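Structure assessment
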2 protein chains.
Amino acid sequence: MLQMEAMETSNYFESYEDLDIHKLMLRDKARNTAYKSSILSNRHDFKDKVVLDVGAGTGILSVFCAQAGARTVYAVEASNIYKIAEEIVKENKYENVIKVMHSKIEDIDLPEKVDIIVSEWMGFYLLHEAMLESVIIARDKFLKPDGLIFPESATLYSVPCSVPSMYDDWEDLDGVSMRHFGLKLRENASTRPITETVSPEAMLCDPEVVVWLDLREVTVDDVKTMEMRHVAVANKTGKYQGICLWFSCTFPSRLTEPVTLSTDPEEPPTHWKQTIVVLPSDIQVEKGTPIAYDLQLARSEENNRRYAIEVTMLHPDEVEHPEYCTCYLTKCILVRAMLDKYEKGDLSGITEK
Amino acid sequence: MLQMEAMETSNYFESYEDLDIHKLMLRDKARNTAYKSSILSNRHDFKDKVVLDVGAGTGILSVFCAQAGARTVYAVEASNIYKIAEEIVKENKYENVIKVMHSKIEDIDLPEKVDIIVSEWMGFYLLHEAMLESVIIARDKFLKPDGLIFPESATLYSVPCSVPSMYDDWEDLDGVSMRHFGLKLRENASTRPITETVSPEAMLCDPEVVVWLDLREVTVDDVKTMEMRHVAVANKTGKYQGICLWFSCTFPSRLTEPVTLSTDPEEPPTHWKQTIVVLPSDIQVEKGTPIAYDLQLARSEENNRRYAIEVTMLHPDEVEHPEYCTCYLTKCILVRAMLDKYEKGDLSGITEK
């Protein structure tokens, strides 16, 4: 006999929520495959080595490391999910290799330094949840000087895009104009970006790197505030309606092709989807139109697991364009022409202008 | 400049949640199309008629009715979404036809009786949210004796099924045994059914009707408690791991083929998905295995928008099987043989037994 009524104790509810989130992550093929293949294709790095799994969750990454031949894996998990990790370790027969430890990484002591750190710390738009800080602390505290970090680098990208789900979809919904509903959706989105899978066709420009993080060197201060200015050029005609954020991570590899885990709209969807900062009103752009904006990610004061994302639209005439800008502004066309001539070693005509 | 931090006022948050739910519903093609085509293919029923839209939400169904030629549409909505409905009515230029009213249907007075009631009241497993009661009250209060209800009937189905997402998926996840995680998922599912899209292949038997509701006659008492006994027969070899619930609705039609909105796993997915009561442990069944269970849906005391769903497993030997049961139990095989002979008018041999 099964009862449907949810027990309303917050405790139960949390545990339920936890499981749902882990279920979502564990069913993310791209995620699992990237870690599995990067770990198992580098057995030579793991053989008889000591590994630290930061935020081990259900312990799946620790099991990959054990399968790759690790001597010892310290699986550190702060939430109650550690209990499940202990059972997963048992059913995979790695009790002698994987030590599950219920603790925050900040509070733990390990009996030895580690050769490798593995961690799946990435949140929405890479930095949401700010679990990266735990990895940095673990690295400084426990990683040997020549140790490896899986993944070893992460890159956050930004690109102007269309967002039909917040705009055009409501122009005519099964013969009904729902524009006002779209307007309300955008009002809500003005205080928090949306998380959804965007089609590659919605991208209007080439993406720009917001930040590239070398996990071997990045510091906590490095990720407190990140800023970038992007003078993009529309590579098609379309509606500029938002800024799409996505990330990729690269894993260490000495002998094989490095494995990359990417949430690029061009790649198969992941549970991270993409993060979109939706503009309050849209702008029609033609191929060649310059799109300039400043993007800032600042660690929130109230909740330091969150970032405030600020997008400031800039007037393309009032900002400096990249040296070889492909936009249609006269200045950039002239500079391009001059650079072309210069490359050909032909400077005649430039003086004419 | 756009800020990401969510404003934490519960008010804002509710409104955000509301919009998300309506976004989900409005993007449900099967839902929109069923209402649109049933309403617009029956213009003769709507021409110059008075319509009541119970729980109008964003007002899309009211607009369909206006498009179908209704003289007046009373769009009654209790939540703040009514404000959006007012704007949707304006942008579709139906201010003179559609009267948006912010009220519970229980508290409202209409200046006249109505010819037609339209409502999208269905929740998960049809009855979750129990909005049906509002439709019944509206019908008894406002519908003319020969009035129409869109939809006019609803059927809830039940069928034993496999639930790989709660069982087999965790046997070997990318080379790691995650059985204990599946076990924990099932522990949580024991207190609340899960909502997810199930593949048709996961169905083990033919579905049985739990309840058929004629919206023209059903009473509030009729839906307080519903019980059914199902002696199903596995039509394939597989793992019996849960009971899948889904529903279909039929719309009135005098001249055309009646439109049906179905959440059958065989049909394209809808935002209702399917509801699955997950069994705490699974049972291997062969083709022909009888599967007997009692299913009860009882309106919850604490929260009367919810139902308690109880599934009681029964021993197939201890319950009466349908007269023409296709299961492999000797008794049913003999009865089948006898009935076959009887239909052929040939009773010889039966006395032999």
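Residues numbered from 1 in each chain as written. Chains lettered and ligands numbered in written order. Predicted model: local features only at pLDDT ≥ 70, side-chain atom pairs only at ≥ 80, totals over all residues. Heavy atoms only, no water.

1. Some points on the UniProt feature "domain: Protein arginine N-methyltransferase" (unreviewed entry) in chain A
- Summarizing the sequence annotation, UniProt attributes the feature "domain: Protein arginine N-methyltransferase" (unreviewed entry) to residues 153–311 of chain A in the numbering used throughout.
- When the span residues 153–311 of chain A is considered, its composition is 7% helix and 45% strand, and the gap between its end C-alpha atoms is 25 Å. (UniProt positions renumbered as here; feature names shortened; annotations may be inferred. Helix = DSSP H or I, 4+ residues; strand = E, 2+ residues; numbered from the N terminus.)

2. Things to note about the domain arrangement of chain A
All names here are of chain A.
- For chain A, the assigned domains read domain 1 (2–320) and domain 2 (323–353).
- On a C-alpha basis, the centroid separation for the pair domain 1 and domain 2 is 41 Å.
- Contacts between domain 1 and domain 2 engage seven residues on the former and five residues on the latter.
- Looking only at domain 1, the three residues that lose the most surface to domain 2 are Val233, Gly288 and Pro290, adding up to 60% of its buried area.
- Remark: the boundary between domain 1 and domain 2 carries zero salt bridges.
- Connecting domain 1 to domain 2 are two residue pairs in polar contact (both at pLDDT 80 or more).
- For the side of domain 1 that touches domain 2, the class distribution of residues is three nonpolar, two polar and two charged. (Domains from an automatic or database assignment. Contact = heavy atoms within 4.5 Å. Buried area = accessible area lost by both parts, 1.4 Å probe. Salt bridge = Lys/Arg side-chain N within 4 Å of Asp/Glu carboxyl O. Polar contact = N/O pair within 3.5 Å; in protein donor to acceptor, adjacent residues only side chain to side chain. Nonpolar A, V, L, I, M, F, W, Y, C, P; charged D, E, K, R; others polar.)

3. As for the interface of chain A and chain B
- Listed by partner, the interface residues are 66 residues for chain A and 65 residues for chain B.
- Taking both sides of the interface into account, the surface hidden between chain A and chain B amounts to around 6,100 Å²; carbon and sulfur atoms contribute 58%.
- The interface formed by chain A and chain B contains six salt bridges.
- Across the salt bridge formed by B:Lys29 and A:Asp174, the nearest N and O atoms sit 2.5 Å from each other.
- Taken together, the connections running from chain A to chain B amount to 22 residue pairs in polar contact (both at pLDDT 80 or more).
- Here the side of chain A that touches chain B takes eight residues from helix H1 (residues 10–26) of chain A, the largest share from any one element.
- A breakdown of the residues in the side of chain A that touches chain B according to their chemical character gives 32 nonpolar, 17 polar and 17 charged.

4. Some words on unusual backbone geometry
All names here are of chain A.
- Omega for the peptide link from Phe150 to Pro151 comes to -5°, which places this bond in the cis form.
- Inspection of the secondary structure puts Pro151 in the loop between strand E5 (143–150) and strand E6 (153–161).
- Notably, Asp174 is not glycine yet its phi reads approximately 50°, a positive angle.
- Here Asp174 shows up in the loop between E6 and helix H7 (179–189).
- For Asp174, a relative accessible area of 12% puts it in the buried group. (Buried < 20%, exposed > 50% of the residue type's maximum accessible area, 1.4 Å probe, protein only.)

5. Some words on the pattern of salt bridges
Residues and elements named next belong to chain B.
- In total, this model carries 36 salt bridges over all chains according to the counting rule given.
- In this structure, Glu87 and Lys90 form a salt bridge, with 3.3 Å as the shortest nitrogen-oxygen distance. Here the residue Glu87 and the residue Lys90 both occupy positions in helix H5 (residues 82–91), the gap between them amounting to three residues, near one helical turn.
- For Glu87, a relative accessible area of 27% puts it in the partly exposed group.

6. Quick look at the relation of the copies chain A and chain B
- Its rotation angle being 180°, the transformation that places chain A on chain B also includes 0.0 Å of axial translation and leaves an RMSD of 0.1 Å. Classification of the inter-copy transformation places it as that of a two-fold axis.
- The residues that chain A uses at the interface reappear at the interface of chain B in 98% of cases, marking a shared surface. (Least-squares fit on C-alpha atoms with pLDDT ≥ 70 in both.)

7. What to know about the side chain of B:Ser62
- When you line up the elements, B:Ser62 lands in helix H4 (residues 60–67).
- Excluding its chain neighbours within four sequence positions, the residues that come into contact with B:Ser62 are B:Asp53, B:Ala56, B:Val73, B:Ala75 and B:Ile98.

8. Looking at the UniProt feature "domain: Methyltransferase" (unreviewed entry) in chain A
- Mapped onto the present numbering, the UniProt feature "domain: Methyltransferase" (unreviewed entry) falls on residues 51–147 of chain A.
- Secondary structure content for residues 51–147 of chain A is 30% helix and 26% strand, and the end C-alpha separation is 10 Å.

9. Looking at the side chain of B:Gln274
- Looking at the element boundaries, B:Gln274 is found in strand E12 (residues 274–285).
- Every residue in contact with B:Gln274, bar those within four places of it in the chain, is listed here: B:Ile194, B:Thr195, B:Glu196, B:Thr197, B:Val198, B:Cys244, B:Leu245, B:Trp246, B:Thr263, B:Asp264 and B:Pro265.

10. A word on the sheet that holds strand E3 (residues 98–102) of chain B
Residues and elements named next belong to chain B.
- Taken together, the five strands give an open sheet; going across it, the order is E3-E2-E1-E4-E5, and neighbouring strands pair in parallel fashion. Two strands in the sheet have a free side with no partner beyond their single neighbour: E3 and strand E5 (143–150). For this sheet, the mean angle separating the axes of adjacent strands, direction not counted, is 20°.
- Note that strand E2 (residues 72–77) and E3 share five bridges and pair parallel. Bridge pairing in E3 places Ala75 opposite Val100.
- Of the strands in this sheet, strand E1 (50–54), strand E4 (114–119) and E5 touch helix H6 (residues 132–142), which is tilted by about 150° from E5. (Pairing = 2+ DSSP bridges. Axes fitted to C-alpha atoms, helices over the stretch in contact; angles between N-to-C directions.)

11. So, the packing of aromatic side chains
Residue and element names in this part refer to chain A.
- Here the structure, examined in full by the defined rule, presents twelve aromatic pairs over all chains.
- With 5.1 Å between their ring centres and 55° between their planes, Phe46 and Phe150 make a pair best called tilted. One end of the pair, Phe46, is in helix H3 (residues 43–46); the other, Phe150, is in strand E5, with 104 residues separating them in the sequence.
- Its relative accessible area of 1% is what places Phe150 among the buried residues.
- Ring pairing ties together the aromatic residues Tyr35, Phe46, Phe150 and Phe251, which thus form one cluster.
- Above the face of the Tyr167 ring, Arg186 is positioned so that its terminal group lies 4.0 Å from the ring centre. (Phe/Tyr/Trp six-rings, centres within 6.5 Å; stacked < 30°, edge-to-face > 60°. Lys NZ or Arg CZ within 6 Å of the ring centre and 35° of its normal.)

12. Re the sheet that holds strand E14 (residues 307–314) of chain A
Residues and elements named next belong to chain A.
- Taken together, the three strands give an open sheet; going across it, the order is E9-E13-E14, and neighbouring strands pair in antiparallel fashion. Only two strands of the sheet have a single partner each, and these edge strands are strand E9 (225–233) and E14. Sheet twist, expressed as the average angle between the axes of neighbouring strands with direction ignored, equals 15°.
- In this sheet, E14 lies alongside strand E13 (residues 290–299) in antiparallel orientation, the contact comprising eight bridges.

13. Brief notes about helix H4 (residues 60–67) of chain A
All names here are of chain A.
- Within H4, seven of the eight residues are buried, which leaves it mostly tucked inside the rest of the structure.
- All of the buried residues along H4 are Ile60, Leu61, Ser62, Val63, Phe64, Cys65 and Ala66.
- Following H4 by one or two positions, Gly69 has its phi on the positive side, about 105°.

14. Looking at the environment of B:Pro207
Residues and elements named next belong to chain B.
- The residue Pro207 is located in the loop between strand E7 (194–196) and strand E8 (208–214) in this model.
- For the pair Pro207 and Thr256, spaced 49 residues apart in the sequence, the C-alpha separation amounts to 27 Å.
- Leave out the neighbours within four places in its chain, and Pro207 touches Tyr157, Ser158, Val159, His230 and Trp246.

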